[in-house]
Amino acid sequence: MDLVLSRADYLQVGVTSQKTMKLLPASRQRATQKAVVGDQDGVVMCFGMKKGEAVPVFKTLPGQKISRLELGGVLNTPQEKIFLAAGSEIRGFTKRGKQFLSFETNLTESIKAMYISGSDLFLSASYIYNHYCDCKDQHYYLSGDKINDVICLPVERLSRMTPVLACQDRVLRVLQGSDVMYEIEVPGPPMVLALHNGDGGDSGEGLLFGTSDGKLGLIQITISKPIHKWEIRNDKKRGGILCIDSFDIMGDGVKDLLVGRDDGMVEVYSFENANEPVLRFDQMLSESITSIQGGCLGKDGYDEIVLATYSGWITGLTTEPTHKESGPGEELKLNQEMQNKISSLRSELEHLQLKVLQERENYQQSSHSSKAKSTVPSFSINDKFTLNKDDASYSLVLEVQTAIDNVLIQSDVPIDLLDVDKNSAVVSFSSCDTESNDNFLLATYRCQANTTRLELKIRSIEGQYGTLQAYVTPRIQPKTCQVRQYHIKPLSLHQRTHFIDHNRPMNTLTLIGQFSFAEVHSWVVFCLPEVPEKPPAGECATFYFQNTFLDTQLECVYRKGEGVFKSDNISTISILKDVLSKEATKRKINLNISYEINEVSVKHTLKLIHPKLEYQLLLAKKVQLIDALKELQVHEGNTNFLIPEYRCILEEADHLQEEYKKQPAHLERLYGMITDLFIDKFKFKGTNVKTKVPVLLEILDSYDQNALISFFDAA
């Protein structure tokens, strides 16, 4: 059965945050519902639909940015009380708009996530989790990394309080009171949590999670241990998951899974065999989906998926057919309805045009006034700079509440810009004077009309660190621009992991000196991505990392006065030694640096590089042959005379060229890593072998693994 849904845009509010739109419970099955939404201007609006028009039920005055909106009420009754988090305050409204609660939590940071279950309130700021019951403090927990979402398993079904925190370090922390009962590692930083089927599923313990790199999974949270039920990988390279809901949109009596992603993709998964969900519907919208709910908003009897987008659009994907079968009388009525709608839209447009003219005149007068303050229009940018494990590249996503005119990318460190299929912007490069002003990259992306979201891919080189800047100019008058900065770290291709193989041959770097725990932690934050800004609790910290390009690993263990770093890649240790000694010198701290080099690790690293290098050399060779083989094919009229290997190259020509085009400088990058490994190996022995690099490059051009290992041993 195919699912056919039609899009209907209902209303636009201000810019919205994640999970700030809900549908109020219906009075009866499939009756129209009211929607309530909170935006970053602090306005809460509740509205219903009447004859295709949005009719407000209530609307509050602007205030602090609304970061979360949840529905609550007495357990086992309709959840129709509206709770919202703004700053460090929780406010509660009835469905008619009467405020009945104003609770100041006195948290030092703004509330980022909230969940409500009866009289229990679960909150989290960046690192702090609090549990309140009837607004009285119950439990508290300080997390080792940022908390992205919080939820509690259904108390009414399990008769136990089990809160779960989704943390940035790829871990779900299951709590009991103020303590962690156990931790669950998930395949990416979890951004959103939801109860399976809306109530925890058959057991009441089913928990859905969505990650920032687009993976989706279900875990059963039992008292003693987690049971992983299923996991869907993000093979189509879609955006991160921001919102999840369960609703029977297919109409088969089983609740389906509704998913909203940050690249604008909406997905519906159904449970045909009850084991693993199957994708039944997807549709791309032009901006990120911040909230998703299944229900009935537009018209009685027609189920739909209601979405809130980043720029504040409340949109429905409805089962109501767009073309209705109708008799002559019905057709006349429909035509009349359409005429009325067109004339009301025309008058609304004229009213808006007049308003724009008035505001423009007011702006001109205020900007020319002698008492004029800065009247540069402000605009909101939603940005994300993340490392992709699959291809060891960084993804930079810039989303603006209005159409983007152009984005200028500037970098003081050598980086490559990679092609992105979804990107329709026209890119142009400017020449850079690297010697006098440290400019390694200047590129301008000119966007098509109505582009509000731009995605770029960047590949960095480890050991080269600095700042990447994005100058974002939207299509608004007067012209204005905002700058966003992103740090390219010395070990930029390393990603946090929770387990490493201790049997690998490791090189060790040890630092001893008069430095505090906070100082050595700040150096690790400077060198490596995905490390929390705040030092972890306790006197000692241990972090594990994996290089996404080479699969080498790094272990960091440090405390006050001592830091020990172990890696199976000498180059990683060399980069850390250079950067950490530079940072210590800046702060006038004397360091005693010692290292132990394991010769076996060099061979081990070369073996890890081998399959990648062999594949790239073969790909380059095949691509070089394509033109000559095509000429032969034209000349001979067929390919029967060619050996099977060459016929295969011709058949896959387009795919090979596409892959080669997508990986610029890939081979050079591998050559660079082998060269660095060669130089670093001998640097620790006190020998400068830079004069032997040309010989090494000759060996690489006629690559043979054994010859390369022999050269490393003999040099």
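Residues numbered from 1 in each chain as written. Predicted model: local features only at pLDDT ≥ 70, side-chain atom pairs only at ≥ 80, totals over all residues. Heavy atoms only, no water.

- As named in an unreviewed UniProt entry, the chain is Bardet-Biedl syndrome 7 protein homolog, taken from Phodopus roborovskii.
- Looking at the Subunit (unreviewed entry) heading of the UniProt record, one finds this comment for the chain: "Part of BBSome complex."
- The heading Function (unreviewed entry) in the UniProt record of the chain holds the text "The BBSome complex is thought to function as a coat complex required for sorting of specific membrane proteins to the primary cilia. The BBSome complex is required for ciliogenesis but is dispensable for centriolar satellite function." (UniProt positions renumbered as here; feature names shortened; annotations may be inferred.)

Examining the overall build of the chain
Now for step 1: Scanning the chain for helices and strands turns up 11 helices and 43 strands.
Now for step 2: Counting only C-alpha atoms, the chain reaches 90 × 75 × 70 Å along its principal axes.
Now for step 3: In the structure as shown, the chain presents an accessible area of about 34800 Å², 49% of it carried by carbon and sulfur atoms.
Now for step 4: Side-chain charges in the chain split into 79 positive and 93 negative, and the spacing between the mean points of these groups amounts to 4 Å. (Helix = DSSP H or I, 4+ residues; strand = E, 2+ residues; numbered from the N terminus. Areas by Shrake-Rupley, 256 points an atom, 1.4 Å probe, with all protein chains shown as cover. Lys, Arg positive; Asp, Glu negative; His and termini not counted. Charge placed at Lys NZ, Arg CZ, Asp CG, Glu CD.)

What about the pattern of salt bridges?
Now for step 1: This model, assessed by the stated rule, comprises 36 salt bridges.
Now for step 2: For D390, the salt bridge goes to K237, with nearest N and O atoms at 3.7 Å. With a gap of 153 residues between them, D390 in the loop between β29 (381–388) and β30 (393–400) and K237 in the loop between β21 (226–232) and β22 (241–247) connect regions that are remote in the sequence.
Now for step 3: The exposure class of D390 is exposed, given its relative accessible area of 57%.
Now for step 4: Taken together, the shared-partner salt bridges connect D145, D169, R173, E183 and R496 into one network. (Salt bridge = Lys/Arg side-chain N within 4 Å of Asp/Glu carboxyl O. Buried < 20%, exposed > 50% of the residue type's maximum accessible area, 1.4 Å probe, protein only.)

Structural notes on the sheet that holds β30
Now for step 1: As summarised here, the arrangement of the four strands in space is β29-β30-β35-β32, forming an open sheet in which the pairing is antiparallel. The open sheet terminates on both sides in strands that have one partner only, identified here as β29 and β32 (415–418). Within this sheet the neighbouring strands show an average axis-to-axis angle of 25 degrees, counted without direction.
Now for step 2: In terms of strand pairing, β30 meets strand β35 (residues 453–460) through six bridges, oriented antiparallel. Its bridge partner lying in β35, V397 is registered against E455. (Pairing = 2+ DSSP bridges. Axes fitted to C-alpha atoms, helices over the stretch in contact; angles between N-to-C directions.)

A few points about the pairing of strand β16 (residues 171–176)
The side chains of a regular strand alternate between both faces of the sheet.
Now for step 1: Counted residue by residue, β16 has five buried out of six residues, so it is predominantly covered.
Now for step 2: Direction of pairing for strand β15 (residues 163–167) relative to β16: antiparallel, over a ladder of four bridges. Bridged to C167 within β16 is V171.
Now for step 3: Turn length for the β15-β16 hairpin, with the two strands adjacent in sequence and antiparallel, is three residues, and the turn residue R170 shows positive phi of about 65 degrees.
Now for step 4: Pairing of β16 with strand β17 (residues 179–185) involves six bridges; the strand directions are antiparallel. Looking at the pairing, R173 lines up with E183 of β17.

Quick word on the pairing of strand β3 (residues 35–38)
Now for step 1: Side chains A35 and V37 project from β3 onto one buried face, and the interleaved V36 and G38 project onto a second face that is buried too.
Now for step 2: The pairing of strand β2 (residues 21–23) with β3 spans three bridges and is classified as antiparallel. Following the sheet pairing, L23 is matched in β3 by A35.
Now for step 3: Of the pairings in the sheet, the one linking β3 to strand β4 (residues 44–50) comprises four bridges and is antiparallel in character. Paired with A35 across the two strands is F47, which belongs to β4.

A look at the packing of aromatic side chains
Now for step 1: Scanning the entire structure with this criterion turns up 15 aromatic pairs.
Now for step 2: Judged by centre distance (4.8 Å) and plane angle (15 degrees), the ring pair of F385 and Y394 falls under stacked.
Now for step 3: For Y394, a relative accessible area of 7% gives the class buried.
Now for step 4: Grouped by ring-pair contacts, the aromatic residues F517, F543, F545 and Y558 constitute a single cluster.
Now for step 5: A cation over a ring is seen here: K81 above F100, with NZ or CZ 5.9 Å from the ring centre. (Phe/Tyr/Trp six-rings, centres within 6.5 Å; stacked < 30°, edge-to-face > 60°. Lys NZ or Arg CZ within 6 Å of the ring centre and 35° of its normal.)

Digging into the side chain of S291
Now for step 1: Summarising the element assignment, S291 is placed in strand β26 (residues 289–295).
Now for step 2: Take S291: its relative accessible area is 2%, and that puts it in the buried class.
Now for step 3: At a separation of 3.0 Å, a polar atom in the side chain of S291 contacts the main-chain amide nitrogen of T20.
Now for step 4: In this structure the side chain of S291 is engaged in a polar contact, spanning 3.3 Å, whose partner is the backbone nitrogen of M21.
Now for step 5: Discounting chain neighbours no more than four positions away, the residues touching S291 are S17, K19, T20, M21, C243, V306, L307 and A308. (Polar contact = N/O pair within 3.5 Å; in protein donor to acceptor, adjacent residues only side chain to side chain. Contact = heavy atoms within 4.5 Å.)

Quick notes on helix α4 (residues 517–527)
Now for step 1: For α4, every residue scored as buried is listed here: F517, V520, H521, W523, V524, V525 and C527.
Now for step 2: Buried residues belonging to α4 abut β40 (540–547), β41 (553–559), β42 (562–567), α5 (570–586) and β43 (591–596).

Section: the sheet that holds strand β5 (residues 53–59)
Now for step 1: Pairing is antiparallel in the open sheet, where four strands are placed in the order β2-β3-β4-β5. The open sheet is flanked by β2 and β5, the only strands paired with a single partner. Pairwise comparison of adjacent strand axes, ignoring direction, gives a mean angle of 25 degrees for this sheet.

Describing the packing of α4 against α5
Now for step 1: At a minimum axis separation of 10 Å, α4 and α5 run at an interaxial angle of 130 degrees. Regarding the angle of α4 to α5, the classification is oblique. Classified by chirality, the crossing of α5 by α4 is right-handed. Across the interface between the two elements, W523, F526 and C527 from α4 touch L576, V579, L580, E583 and A584 from α5.
Now for step 2: Split by residue class, the contact of α4 with α5 holds seven nonpolar, no polar and one charged. (Parallel < 35°, antiparallel > 145°, perpendicular 65-115°, else oblique. Left-handed = near helix turned anticlockwise from the far one by under 90°. Nonpolar A, V, L, I, M, F, W, Y, C, P; charged D, E, K, R; others polar.)

Points about the side chain of E399
Now for step 1: Position of E399 among the secondary structure elements: in strand β30.
Now for step 2: One buried charged residue, E399, forms no salt bridge at all, with the nearest opposite charge on R453 at 4.5 Å.
Now for step 3: Within polar-contact distance, the side chain of E399 engages the backbone nitrogen of S288 at 2.7 Å.
Now for step 4: The contacts of E399, once residues within four sequence positions are left out, are D262, E287, S288, Y310, S380, I381, N382, T452 and R453.

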